[in-house]
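# Breakdown of the fold
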Amino acid sequence: MNDFEQFESVETPAYIIDKVQLERNLQLLQQVERASGAKILLAQKCYSVYQTYPLIGKYISGCTASGLYEARLGHEEMKKENHVFSPAYTDKEFDELLKICDHISFNSVRQWERFRGKVLSSRKKPSCGIRVNPEHSTQKKSIYDPCAPFSRLGVTRSAFGSSLPEGIEGLHFHTLCEQNADALASTAKVFEEKFKDLLPKAKWLNMGGGHHITRSDYDVDLLVKTVRHFANTYDLQVYLEPGEAVALNAGTLAATVLDVFTNGINIAILDTSAACHMPDVLEMPYRPNIVNAGQPQEKPYAYRLGGKTCLAGDIIGDYSFDAPLKVGDRLYFEDMAIYSMVKNNTFNGMPLPGIYLWDGMGVDPLKMFGYSEFKNRL
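As the structure is a computational prediction, the values presented were derived from the model and not from experiment.

## Things to note about the sheet that holds strand β6 (residues 127–131)
Read around the closed barrel, the eight strands follow the order β2-β3-β4-β5-β6-β7-β8-β9; overall the barrel is parallel. Taken over all neighbouring pairs, the strand axes of this sheet differ in orientation by 25 degrees on average, direction set aside. The pairing of strand β5 (residues 103–106) with β6 spans four bridges and is classified as parallel. The residue bridging His-103 from the neighbouring strand is Ser-127, located in β6. The sheet contacts of helix α5 (residues 109–121) involve β5 and β6, and relative to β6 the element is tilted by about 170 degrees.

So this is what it looks like as structure tokens:
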């Protein structure tokens, strides 16, 4: 996406999905499916622009959900394999999940025992698995580390028992976050050492998400090698659940400068917000790239960019530009298809950005929001 002039008519703030890049990502993921034998599922917790699900479904095997509403969305809009994992299920939601899901993963043996009767008596009889914790951390940020001490996610080997619980057909681990295949390979090695005796009794293995497969430096060959080892050695169907890899670099957040002033440094207030429209900027935290902007001292004119909420820390970051910013200037934040729309909110009564689709020729609105979205959430 590089012809931003055609976006000048779009009312900001706005998310603009790049269909060309999205399809490019999907083509690579389809190649990985064919080379490895794995089935790739869209993790909807990262990207859930369901208007693009028919396109996604042309290339990969289905989607995965973190709860009932995502599972319903995948069932209604993707209409392919539909998986779900949740740290815990309620009786009411589980009854509906049984009707729409092909695979259900449980976070504990106790959860499986609680719902086993419903599974076995259901008409659909989904294939069920247990999430395990290999206790092998590959990242430094504990908030994103399911293998951190005292983790609430997954069953450790010492707590698992000597065999798969009756009726369980798969094992599921998810330990990565925006990582390369080397992190998967090291995790898979530890997982195999700890759970090797259970694998011959399983039908499938879900290696979770966090695989940055469509990143330019990703080691696809190592991923394929790792997947094929488990598939061939233990006769398993392997699943991968990337979210970011599906929509990586396939979206932009367009914003407009509302005010510029100085308080020790130059400050610009935008019509978007880190707190409302890109919360991972504060939670991760990270500094998103802006088209044609540089690091604070790289270009002649430096600014701190802030949102228009009352939160003092609603700061997007420090940037520099070739020319002074002025009211009405457009800024385009890159890689905003992932974890932005699914996490945005209406704090301070901030409007939700519209969602548009760019197909390489023109830009069309997919979804627009107004006052009712704010009011109906309260």
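## As for the packing of aromatic side chains
Under the criterion given, the structure shown has 16 aromatic pairs. Relative to Trp-358, the ring of Phe-7 lies with its centre 6.2 Å away and its plane at 90 degrees, an arrangement referred to as edge-to-face. Remark: Trp-358 occurs in strand β15 (residues 354–358) and Phe-7 occurs in the segment before β1 (14–18); sequence separation between them is 351 residues. Assigned by exposure class, Phe-7 and Trp-358 land together as buried. When the ring of Phe-191 is compared with that of Phe-195, the centres are 5.3 Å apart and the planes differ by 25 degrees; the resulting orientation is stacked. Separated by four residues within a single helix, Phe-191 and Phe-195 lie in helix α7 (residues 181–195), roughly one turn from each other.

## Some thoughts on the pattern of salt bridges
Side chains bearing opposite charge may pair, as long as their charged atoms lie close to each other. Inspection of every chain in the model, using the stated rule, returns 16 salt bridges. Between Arg-72 and Glu-76 there is a salt bridge whose closest N-O contact spans 3.6 Å. With a gap of four residues between them, Arg-72 and Glu-76 both fall in helix α3 (residues 68–77), about one helical turn apart. For Arg-72, a relative accessible area of 35% gives the class partly exposed. A salt bridge links Arg-304 to Asp-318; the shortest N-O distance between them is 2.7 Å. On the criterion of sequence distance, the pair formed by Arg-304 in strand β12 (residues 301–306) and Asp-318 in strand β13 (residues 315–321) is long-range, its members being 14 residues apart. By sharing partners, the salt bridges in this structure join Asp-91, Asp-95, Arg-114 and Lys-118 into a single network.

## Structural notes on empty space enclosed by the protein
Taken as a whole and assessed by the stated rule, the structure comprises one cavity of 30 Å³ or more. Quantified by volume, the largest cavity comes out at close to 30 Å³. Forming the walls of the largest cavity are Thr-64, His-83, Val-84, Phe-85, His-103, Ser-105, His-172, Asn-206 and Glu-241. Among the elements of the structure, β4 (81–86) and β5 are those that each provide at least two residues to the lining of the largest cavity. The greatest single-element share of the lining of the largest cavity, amounting to three residues, is contributed by β4. A breakdown of the residues in the lining of the largest cavity according to their chemical character gives two nonpolar, six polar and one charged.

## As for the packing of helix α4 (residues 91–100) against α5
It is at 11 Å that the axes of α4 and α5 come closest, and there the two elements cross at 35 degrees. Here α4 runs over α5; the crossing is right-handed. Between α4, through Asp-91, Phe-94, Asp-95 and Leu-98, and α5, the contact on the second element is made entirely by Arg-114, Phe-115, Lys-118 and Val-119. Of the residues contributing to the contact of α4 with α5, the split by class is four nonpolar, no polar and four charged.

Definitions and limits used
- Residues numbered from 1 in each chain as written.
- Predicted model: local features only at pLDDT ≥ 70, side-chain atom pairs only at ≥ 80, totals over all residues.
- Heavy atoms only, no water.
- Pairing = 2+ DSSP bridges.
- Helix = DSSP H or I, 4+ residues; strand = E, 2+ residues; numbered from the N terminus.
- Axes fitted to C-alpha atoms, helices over the stretch in contact; angles between N-to-C directions.
- Contact = heavy atoms within 4.5 Å.
- Phe/Tyr/Trp six-rings, centres within 6.5 Å; stacked < 30°, edge-to-face > 60°.
- Buried < 20%, exposed > 50% of the residue type's maximum accessible area, 1.4 Å probe, protein only.
- Salt bridge = Lys/Arg side-chain N within 4 Å of Asp/Glu carboxyl O.
- 1 Å grid on protein atoms, 1.4 Å probe; cavity = no way out; pocket = protein on both sides within 12 Å on 5 of 7 lines; lining within 4 Å.
- Points joined across faces, edges and corners; volume = space filled by probe spheres on them.
- Nonpolar A, V, L, I, M, F, W, Y, C, P; charged D, E, K, R; others polar.
- Left-handed = near helix turned anticlockwise from the far one by under 90°.

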